[in-house]
Amino acid sequence: MNSSALLSPPSAPPRPLLRSPFLNSIPLRTTTTASLRPQRRRFRVSVPRNSTTPADQSAAATSSPPTPPDVFGGKKELTGIQLIVEKLSPPLRLASSAILFAGAVAAGYGLGFRFGKTQNAALGGAVALGAAGGAAAYALNACVPDVAAVELHNYVAGSDDPRAVKKVEIEGIAKKYGVSKQDEAFSAEFSDLYCRFLSSVLPPGSEDLSGNEVDTIINFKNALGIDDPEAAAMHMEIGRRIFRQRLETGDRDADMEQRQAFQKLIYVSTLVFGDASSFLLPWKRVFKVTDSQVEIAIRDNAQRLYASRLKSVGRDISVGQLVSLREAQRLYRLTDEHAEDLLKEHTRKLVEENISSALSIVKSRARAVQGVKQVVEELDKGLALNNLLISLKNHPEADRFAPGVGPVSLLGGDYDGDKKIDDLKLLFRAYVTDALSGGRMEENKLSALNQLRNIFGLGKREAEAIVLDVTSKVYRKRLAQAVTGGDLEMADSKATFLQNLCEELHFDPQKASEIHEEIYRQKLQQCVADGELDEQDVAALLKLRVMLCIPQQTVEAAHSDICGSLFEKVVKEAIAAGVDGYDADIKQSVRKAAHGLRLTRETAMSIASKAVRKIFINYIKRARAAGNRTESAKELKKMIAFNTLVVTELVKDIKGEPSDTPSEEPVKEEQKQVEEDEEWESLQTLRKIKPSKELAAKLGKPGQTEITLKDDLPERDRTDLYKTYLLFCLTGEVTRIPFGAQITTKKDDSEYVLLNQLGGILGLDTKEIVEVHRSLAEQAFRQQAEVILADGQLTKARVEQLNELEKQVGLPSQYAQKIIKNITTTKMAAAIETAIGQGRLNIKQIRELKEANVDLDNMISQSLRENLFKKTVDEIFSSGTGEFDEEEVYEKIPLDLNINADKAKGVVHELAQSRLSNSLIQAVALLRQRNRQGVVSSINDLLACDKAVPSNPLSWDVPEELADLYTIYLKSEPAPEKLSRLQYLLGISDSTAAALREMGDRVLSIGAEEEKFVF
């Protein structure tokens, strides 16, 4: 078994232990006489079970536990010669030994001479009895250490308190018998006594150290006069016995007790020997324990001792106690970190006691008024302790105090957790309530609340919410007293009175304003309980508003919310009545609500608009979900009828207008719109939405246009709905019959009037309506015009046909011409692109088209124009003329084709460089074919490329062929500058050129003869 397990933490919590009355055992003694040595038994330093209560243990810890009287066993008895030795002093003992030896020799000599009659017999008798006397004298002196050990044992065992053993007495015993610690029996008794005392001082495994064990052991060790190495050996021996006992036991609780006993042995031994313990106590080598395990044993026991010392510290902690705690901490070898944690834990538990008491009072069912005061008293005790600790932390001699002095916090304690936060909030609320019980908040209470919040660990928002809730109730109470008592009404300045009230309670004025608003709203709800506000209600509300200093915008918002909700209910009932149910009673209720609730016209219209627009949206959804255009139009017609018969009447009732008042404003607006768009009078559909006087009289009054869907639907959705009904007006109602046939029923012009009303409901302005009509007219005209101009040719007959179509559709002439031009341009652009692709269109024809005002830039794409330029330049380099006009190529042609001039120049250079070498190869090929004209054209192309991009002299494998090329071009009578440039490019010297000019005719004639010969 590994002995390091002795220092390992227990795997299970210890159970109560019982104290055994047979604690003492007889340890092994190294040397003793046979007559005095009792039977050897195993020395057990087990941790006996203890039946004492924790309270008894804590009380025993405050004072040194008395050493049991039988720690050292009973007194030992002397027998035989030991009784004689005890009575003799060392000199007398020596004299007696000498006399005994001399008497034995004399007696032996006398007896030998008497019986032997000879001198030899006398000497033999002397020797024999002298030896016996010497043996007796030796036995007398040999039992002296044992007698001294017995007397030492009896002295220590006979003391009422072993701690009162005096070193002088022990030295006197040694002096009395003339012995020293070198005597084995005497030394063994010292070790036995120290071992027994050490075992008795160390508490059992389940009990904590009392704190005075170290001083007691040191004093007893000094009294015995034992050296540190010898005492350390006894400490190690006890450790071995604990280890052996742990091997023998099979009980889990006993095993844990042995482990705790071993830890306490290590801790006490370390303090007894101080710095020398590191080499006097080889725990690591003997018991195979680690340094960390030794440190844990020291730390745990030091913490227990320090915690036991803290039990004497109460709420009235003083400077002397803190200094004493600091000294105890150093004595116990406890680190500052652990000492700080223990002191904070102790102060936290003191405060937790107050909190627990306060909670028990708060949660008590029989709590009375005095209970709140008791709760506050308990919390004040905790706050007093906290203030005391804060003041001690700032003490000038704080560096001499035990670490951990500072504000109390509940973190890590019983009240640290979400489950306990509600209890702490309850206590905090009780303290705030008591602080405001007098109707005002004192400064010292504010400081106490801040400290209490920090102790409880409440968040700032949580604490502020509790304070705000309690303060709001107190503010309401005091405000009610000021109103009922007349103090607020009599005040010269209501705002100053309210401000002072907020300052007394340390209440946020903004929160007070919110309470004022809430009070006003409650009053307003009471006043409108009967559905209207009379003059008395208005006066009462005005008085309340003045006293509470409520802004006008707040009043308006309250009226809008409360009165508006009542009015909204009336409006919804009126709308729910439908087309047939909007009767005189409904009208009367609407008028009463609109004017009795004192709502402004804008507010009333806003409420009605919100409710009406929801109904409009429902109609729109059903129209969109319809299966065809006819069904959609029917839903839209229902919406128009609802607007005319219900919404229009609702608006008049809200405004207070009589029902038979004609609505002239929309007609005037429509006339104004028509005047602004006279150019569209040719559109038949647009003309039809303006009804004639007869049709208007037939249809009755128009619908309202103040409540629209302009802000509820995007413009595209609104125009699509309008277009749907417009197409219905144009095509009529379509009815499907069996066998796949359908019947179309045309409608009269009244549908267009409904279309106009639909535009008003959708919130379409004149421009948007005209745009819808125009788009349909253009669509119809374009469809038929594309059929007429299928080939893009515009003849006289087709022009007349298009003019007739324009009149039928009613499209203005300029828009019709624009469509015609667009169609013809599109057709022409396709033809031009085809011609360019087939090579039937060159730059000359392009210029002619531009002179004819044809928009080629839009007809011909950019890439196609660039290809046309490249093709034109390629034709110049392959024309065989040898000419290259830089202005024409670099400026005019790019300008005509509307392409980038720099990009065009790059294209020219690229083509020239590639065509230059190709022209030379082509010229040589034609030379070999005897094609003189082709050779001249190729050379001209080479010169044109060179003019675009000047080149270096060209190389060729057969110089004679270059000479022939020069000679042939010479005979074509070219311009001198061209011939000179060709000479340079072909690398022909002046002398060779002159010789070729002289031999030109002969060479050519020879060539002709060869040609004749060949063919």
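Quick caveat, the model's predicted, so the values are computed rather than measured.

### Let's talk about the overall build of the chain
A count of helices and strands for the chain gives 46 helices and two strands. The buried share among the 1015 residues of the chain stands at 43%. Long-range pairs, those at least 24 residues apart, make up 76% of the contacts in the chain with a sequence separation of at least 6. Total accessible area on the chain is roughly 54400 Å²; 52% of this is exposed by carbon and sulfur atoms.

### With respect to the packing of aromatic side chains
Taken as a whole and judged by the stated rule, the model has eight aromatic pairs. Ring plane angle 45° and centroid distance 5.9 Å describe the contact between Tyr619 and Phe642, whose orientation is recorded as tilted. A residue pair is termed long-range when its members are at least 10 positions apart, and Tyr619 in helix α27 (residues 601-625) and Phe642 in helix α28 (residues 629-655) qualify at 23 residues. Given the relative accessible area of 13%, Tyr619 is considered buried. Exposure remark for Phe642: the relative accessible area of 3% places this residue in the buried category. Ring pairs connect the aromatic residues Phe262, Trp283 and Phe287, which therefore count as one cluster. Sitting over the face of the ring of Tyr890, Lys905 holds its NZ or CZ atom 5.4 Å from the ring centroid.

### Looking at the state of the cysteines
Counting across every chain of the model gives zero disulfides. This cysteine, Cys527, is not joined by any disulfide, and Cys563 carries the nearest cysteine sulfur, 9.3 Å off. Overall, the relative accessible area of 7% leaves Cys527 in the buried class. Since its relative accessible area comes to 0%, Cys563 is described here as buried.

### Concerning α28
The terminal C-alpha atoms of α28, which comprises 27 residues, lie 37 Å apart, in line with the 39 Å expected from a rise of 1.5 Å per residue. Where α28 bends most, the angle comes to about 35°, and this point is Asn643. Most of α28 sits inside the fold, with 20 of its 27 residues counted as buried. Two to three positions downstream of the cap, the backbone nitrogen of Thr630 sits 3.1 Å from a side-chain oxygen, assigning the N-cap of α28 to Asn628. A positive backbone phi angle near 80° is found at Gly656, which sits one or two residues after α28.

### What about the packing of helix α42 (residues 932-948) against helix α43 (residues 959-971)?
Contact geometry for α42 and α43: axes closest at 9 Å, N-to-C directions at 95°. By the angle class used here, α42 and α43 are roughly perpendicular. Residue-level inspection shows Arg932, Val935, Val936, Ile939, Asn940 and Leu943 of α42 in contact with α43, the latter providing Leu965, Ile968, Tyr969 and Lys971. Considering only residue class, the contact of α42 with α43 consists of seven nonpolar, one polar and two charged.

### Some words on the pattern of salt bridges
Under the counting rule described, the total for this entry stands at 39 salt bridges. A salt bridge links Lys363 to Asp423, with the shortest nitrogen-to-oxygen separation between them at 3.0 Å. Residue Lys363 is located in the loop between α15 (336-362) and α16 (369-393), and its partner Asp423 is located in helix α17 (residues 418-435); the two are separated by 60 residues in the primary sequence. A residue is classified by how much of its surface remains accessible, and Asp423, at 13% relative accessible area, is buried.

### Considering the environment of Tyr815
With respect to the element layout, Tyr815 can be found in helix α36 (residues 813-838). Exposure remark for Tyr815: the relative accessible area of 24% places this residue in the partly exposed category. A sequence separation of 34 residues divides Tyr815 from Phe781, and the C-alpha atoms of the two residues are 9.9 Å apart.

### A short note on unusual backbone geometry
Backbone geometry places Lys288, a non-glycine residue, at a positive phi of 60°. Mapping Lys288 onto the fold places it in the loop between α12 (283-287) and α13 (291-310). Positioned with a positive phi, Arg930 is a non-glycine residue whose angle comes to about 65°. By the element assignment, Arg930 lies in the loop between α41 (901-928) and α42.

### Some points on a negative patch on the surface
Taken together, Asp885, Glu886, Glu887 and Glu891 make up a surface patch of like negative charges. With respect to the helices and strands, the residue Glu891 is situated in helix α40 (residues 886-897).

### Structural notes on the confidence of the model for the chain
When pLDDT is averaged across the chain, the result is 75; 72% of the residues are at 70 or more. Per-element averaging of pLDDT across the chain places helix α1 (residues 54-62) at the bottom with 38 and helix α19 (residues 460-485) at the top with 91. A low-confidence stretch, residues 663-680 (pLDDT under 50), is modelled with 15 contacts involving residues beyond four sequence positions or located in other chains.

### Some points on the nonpolar core
Grouped together as the largest cluster of nonpolar side chains are 177 residues, with contacts concentrated most on Trp283, Phe456, Tyr475 and Phe567. Other than its neighbours up to four places away in sequence, Phe567 contacts Val590, Ala593, Ala594, Leu597, Leu599, Ala604, Ile607 and Ile654. Ile843, Leu942, Ala948 and Leu962 belong to the second largest nonpolar core, which has 48 residues in total.

### Concerning the environment of Ser200
Within the secondary structure, Ser200 is located in helix α7 (residues 184-201). With a relative accessible area of 13%, Ser200 lands in the buried category. Measuring from C-alpha to C-alpha, the distance between Ser200 and Phe72 comes to 9.3 Å, with 128 residues separating the pair along the chain.

How each quantity is defined
- Note on numbering: residues in each chain are counted from 1, in written sequence order.
- Selection of residues for local features in this predicted model requires a pLDDT of at least 70, selection of side-chain atom pairs for listing and counting requires 80 or more, and totals for whole chains, interfaces and linings are taken over all residues.
- Side-chain measures were taken over the full set of non-hydrogen atoms in the model, leaving aside hydrogen atoms and water.
- Helix and strand definitions here come from DSSP, where helices need a minimum of 4 consecutive H or I residues and strands a minimum of 2 consecutive E residues; each element is numbered from the N-terminal end.
- Each residue is assigned to one of three classes by its accessible area relative to the maximum for its type, calculated with a 1.4 Å probe on protein chains only: buried under 20%, partly exposed between the two thresholds, exposed over 50%.
- The criterion used for residue contact is that any of the two residues' heavy atoms lie within 4.5 Å.
- Only the protein chains shown count as covering a residue, and every accessible area follows the Shrake-Rupley method with a 1.4 Å probe.
- Here is the rule: rings of Phe, Tyr and Trp (six-membered ring for Trp) pair when centre to centre is within 6.5 Å. Planes less than 30 degrees apart are stacked, more than 60 are edge-to-face, and the remainder are tilted.
- In our convention, an over-ring charge means Lys NZ or Arg CZ found within 6 Å of a ring centre and within 35 degrees of that ring's normal.
- Only a pair of cysteine sulfur atoms within 2.5 Å counts as a disulfide in this structure description.
- Take the residue count of a helix, subtract one, and multiply by 1.5 Å to get its expected span.
- We define the bend at each residue as the angle formed by axes fitted to the 7 residues ending at it and the 7 residues starting at it.
- Nitrogen and oxygen atoms within 3.5 Å of one another constitute a polar contact, given that in protein one can donate a hydrogen and the other can accept it, and given that sequence-neighbouring residues count only through two side-chain atoms.
- Axis definition: a line fitted to C-alpha atoms, limited for helices to the stretch in contact. Angles are taken between N-to-C directions and run from 0 to 180 degrees.
- Just so you know how the angles are binned, under 35 degrees is roughly parallel, over 145 roughly antiparallel, 65 to 115 roughly perpendicular, and the rest oblique.
- For this classification, Asp, Glu, Lys and Arg are treated as charged, while Ala, Val, Leu, Ile, Met, Phe, Trp, Tyr, Cys and Pro are nonpolar and the rest, including Gly, are polar.
- We count a salt bridge whenever a side-chain nitrogen from Lys or Arg sits within 4 Å of a carboxyl oxygen from Asp or Glu.
- Patch rule: a residue counts if its relative accessible area is over 30% and it has no salt bridge; like charges are joined within 9 Å, and nonpolar side chains (Val, Leu, Ile, Met, Phe, Trp, Tyr) within 5 Å.
- In summary, the charge assignment counts Lys and Arg as positive and Asp and Glu as negative, without counting His or the chain termini.
- Where a charge lies is defined by one atom per residue type, namely NZ (Lys), CZ (Arg), CG (Asp) and CD (Glu).
- The quantity known as pLDDT measures the predictor's confidence residue by residue, on a range of 0 to 100.
- Buried residues of nine kinds, namely Ala, Val, Leu, Ile, Met, Phe, Trp, Tyr and Cys, make up a nonpolar core once their side-chain atoms join them within 4.5 Å.

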